[in-house]
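# Residue-level structural notes
As a plain string of letters, each chain reads:
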Amino acid sequence: MDGYNEFVKEFANKIFQALIKDDRFTYLVKGLRMSIGITLAAAFLGIFLGLLVAICKLRGKGVLAALANGYITIIRGTPTVVQLTVIYFVILSHSGLPDFVVATIAFAINSGAYVAEIIRAGITAVDRGQMEAGRSLGLSYSHTMRYIIIPQALKNVLPALGNEFIVLLKETSVAGYIGTQDLNKGGLQVASITYDFMVPALCAAYLYLMLTTSMASGLNRLERRMHRSD
Amino acid sequence: MIKVNNLHKCFGALEVLKGIDASISKGEVVCVIGPSGSGKSTFLRCLNLLEEPTKGEIFLDGISITDHKKDIDKLRQKAGMVFQQFNLFPNLTVIENIMLAPRKVLRMSEADARKRAEDLLTRVNLSEKADQYPNRLSGGQKQRVAIARALAMNPQVMLFDEPTSALDPEMVGEVLEVMKDLAKSGMTMVVVTHEMGFAREVADRVFYMDEGVIYEEGTPEQIFRNPQKTRTREFLSKVL
C-alpha cells in the first residue's frame with residue numbers, strides 16, 4: 001500500500017508541477033490555439049492552391065501543367081519537416097515574417113499538393129455529360145467548372161479532404177522545429193521546466209486526439225448535409 | 001437556319017462522318033434515323049461543336065460556327081441540346097437547373113430568370129417539382145426538365161440526342177408529347193431518334209444515315225412508305 005500511496009502522491013505532484021504551478025497549463029493552451037490557427041489558415045489556403053493546381057493539371061498541356069506536376073512531385077516526395085526547414089531557413093530566411101506565418105505558408109504549400117490530387121480525382125469522377133450539358137447551354141468552361149463540376153467534385157471527395165485536414169493538423173506538430181509555439185512545443189516547454197515529459201506529453205496527445213475526433217465528427221455531419229440532393 | 005457542307009469527323013483513324021451535306025430551314029423538324037454506329041449522334045454533336053469537325057463547314061443562322069470557335073459560347077446559346085442521359089445538374093434543384101444559364105450567361109435578374117423558369121416548368125407540366133433535386137424525379141420528368149432547361153436560353157434550334165432511349169417505356173410518351181408541342185410551336189428541331197412513330201408523325205423531313213453519310217432523305221411519307229435505296233429498306237424492315 002505504501003508504494004501505491006507514493007505513486008499517487010508523485011503523480012499528483014507531477015500534474016501540479018506540469019499544469020498548475022506558475023500557470024504552466026497556459027503553455028499548452030497557447031500551443032493549442034496556435035496549432036488550430038495554423039491548421040485552419042493552411043487548410044483554407046491549401047484548398048485554393050489545390051483547386052488551382054488541380055485545374056492546371058487537368059487542362060493538360062503546357063507550362064502550367066508541367067509546373068503543377070513538378071510541384072506535386074516535390075511536395076509529395078519530401079518530408080514535411082524538410083519542406084518547413086527549406087522554406088524557413090532558405091526561401092523565406094530574409095523575409096522577416098514571424099515564424100508562425102512562415103509555418104502557415106509552408107503547411108499550406110504542403111497541403112495544397114495533396115488537396116490538388118484529391119480534387120483532381122474528384123473532378124475526373126464527375127460524369128463528362130455534366131461539362132457537355134453546361135457548355136451546350138452557353139456556359140463558359142470556368143462557369144461550368146465553378147457552378148456544376150467543382151461542387152459535385154468536392155462533395156465526392158469530402159471524406160478524403162477531411163482526412164487530409166486531420167493529417168495536416170497532426171503534421172503541424174513539427175512547427176516547433178522552426179520555433180513556432182504550437183501544441184507539441186508547448187508540452188516540450190513545460191517538460192524543459194519540470195524535467196518530466198509524462199504529463200505534458202500525454203496532455204498534448206490528448207488534446208490532439210480531441211481535435212482530430214471532433215474534426216472527424218464535424219465532417220460526418222457536413223457530409224450528411226451535403227447528401228441532401230441524393 | 002442550319003447549313004452543313006462536306007462535314008467530316010474522325011476519331012483517330014476511324015472516320016465516323018464521311019462528308020455530310022444538309023440544309024435545314026427555320027421551323028423545320030428533322031428526324032435522323034439509322035443503325036447504331038452510323039454517325040447520327042456525332043453529326044448532331046457537331047452542330048453545336050460538342051465534337052469538333054475534322055473538315056467541313058457548319059453555318060448556324062448564317063454564321064459559320066466552324067470559323068468562329070472563339071465565340072462558341074455565344075453560338076451555343078442559339079442551339080439548345082437535350083441528351084440521352086438527361087445530364088441534369090444533380091447539385092442544383094430543378095428550378096436552379098433551369099435558371100443557371102439565363103442568370104450567368106444572359107445575366108438575367110433573379111426574378112426574371114425565376115419567372116421564365118416557372119413558365120417553362122408549367123409548359124412541361126412540372127411546376128410542382130420546382131424545388132426538388134433531380135434525383136427525386138423519374139426519367140421522364142428529368143428529360144422534361146432538361147428540355148425546359150435548354151428552352152430557357154431561347155434557342156433558335158433544338159437538338160435532341162436520342163431523348164427517349166434511356167427511358168422506361170411508360171415514360172416515352174410524356175417526353176414525346178412535350179416535343180410534339182414544341183414542334184407545333186414552330187421550333188426548328190433536329191432529333192436523333194429510334195422512335196419511328198414520332199418521326200413519321202412529327203418530322204417534316206427524315207434523314208436516314210448509314211456509314212457516315214446521309215444515305216437517303218425525304219419526307220416521312222417517302223422514307224417510310226417508299227424508300228428508294230436497299231439499305232434504307234433493310235433497316236426499316238428491321239425496325240418497323
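Residues numbered from 1 in each chain as written. Chains lettered and ligands numbered in written order. Predicted model: local features only at pLDDT ≥ 70, side-chain atom pairs only at ≥ 80, totals over all residues. Heavy atoms only, no water.

This part takes up the packing of aromatic side chains. Under the defined criterion, the tally for this structure stands at 5 aromatic pairs over all chains. On the numbers, 6.2 Å between centres and 10 degrees between planes, the contact of A:Phe7 with A:Phe11 is stacked. Placement of both A:Phe7 and A:Phe11 in helix H1 (residues 2-20) is noted, with a separation of 4 residues, approximately one turn of the helix. Given a relative accessible area of 35%, A:Phe11 falls into the partly exposed group. Plain terms: the ring middles of A:Tyr88 and A:Phe89 are 4.8 Å apart, the flat faces sit at 85 degrees to each other, and that makes the pair edge-to-face. Classification of A:Tyr88 as partly exposed rests on a relative accessible area of 23%. Note that B:Arg149 overlies the ring of B:Phe89, its terminal NZ or CZ placed 4.3 Å from the centroid. Here the guanidinium or amino end of B:Lys229 rests over the ring plane of B:Tyr215, the centre of that ring lying 5.0 Å away. (Phe/Tyr/Trp six-rings, centres within 6.5 Å; stacked < 30°, edge-to-face > 60°. Helix = DSSP H or I, 4+ residues; strand = E, 2+ residues; numbered from the N terminus. Buried < 20%, exposed > 50% of the residue type's maximum accessible area, 1.4 Å probe, protein only. Lys NZ or Arg CZ within 6 Å of the ring centre and 35° of its normal.)

Attention shifts here to the sheet that holds strand E5 (residues 63-64) of chain B. Residues and elements named next belong to chain B. Spatial strand order, E2-E1-E4-E5: 4 strands in an open sheet with antiparallel pairing. Edge positions in the sheet fall to strand E2 (14-24) and E5, since each of these pairs with one other strand and no more. By the bridge criterion, 2 bridges tie strand E4 (residues 55-60) to E5 in an arrangement that is antiparallel. Across the sheet, Leu60 pairs through a bridge with Ile63, a residue of E5. (Pairing = 2+ DSSP bridges.)

On to the interface of chain B and chain A. At the junction of the two partners, chain B supplies 26 residues and chain A supplies 21 residues. Taken over both partners, the interface formed by chain B and chain A buries close to 2,000 Å², and the fraction arising from carbon and sulfur atoms is 57%. One can count 2 salt bridges joining chain B with chain A. A:Glu132 is the partner of B:Arg45 in a salt bridge, and the nearest nitrogen-oxygen pair spans 2.5 Å. For the pair chain B and chain A, the number of links is 7 residue pairs in polar contact (both at pLDDT 80 or more). Sorting the residues of the side of chain B that touches chain A by element identifies helix H2 (72-76), strand E6 (79-82), helix H3 (94-104) and helix H5 (139-151) of chain B as the ones contributing at least two each. (Contact = heavy atoms within 4.5 Å. Buried area = accessible area lost by both parts, 1.4 Å probe. Salt bridge = Lys/Arg side-chain N within 4 Å of Asp/Glu carboxyl O. Polar contact = N/O pair within 3.5 Å; in protein donor to acceptor, adjacent residues only side chain to side chain.)

Residues and elements named next belong to chain B. The set of residues buried in helix H9 (residues 230-239) consists of Thr232, Phe235 and Leu236. For H9, the angular spread of buried residues about the axis comes to 95 degrees, placing them on one side. Those residues of H9 that are exposed and aimed more than 90 degrees away from the buried face are Ser237 and Lys238. Buried residues along H9 sit in contact with strand E3 (29-33), helix H7 (196-202), strand E9 (205-210), strand E10 (213-218) and helix H8 (220-225). (Arc of directions from axis to C-beta.)

Following the criterion strictly, the structure yields 19 salt bridges over all chains and no others. For B:Lys78, the salt bridge is made with B:Asp61, and the minimal N-O distance between the two is 3.4 Å. Separated by 17 residues along the polypeptide, B:Lys78 in the loop between H2 and E6 and B:Asp61 in the loop between E4 and E5 bring together distant segments of the chain. Note on B:Lys78: relative accessible area 18%, which makes it buried. Overall, B:Asp61 belongs to the partly exposed group, its relative accessible area being 34%. Via salt bridges that share partners, A:Lys57, A:Arg76, A:Glu117 and A:Arg120 belong to a single interconnected network.

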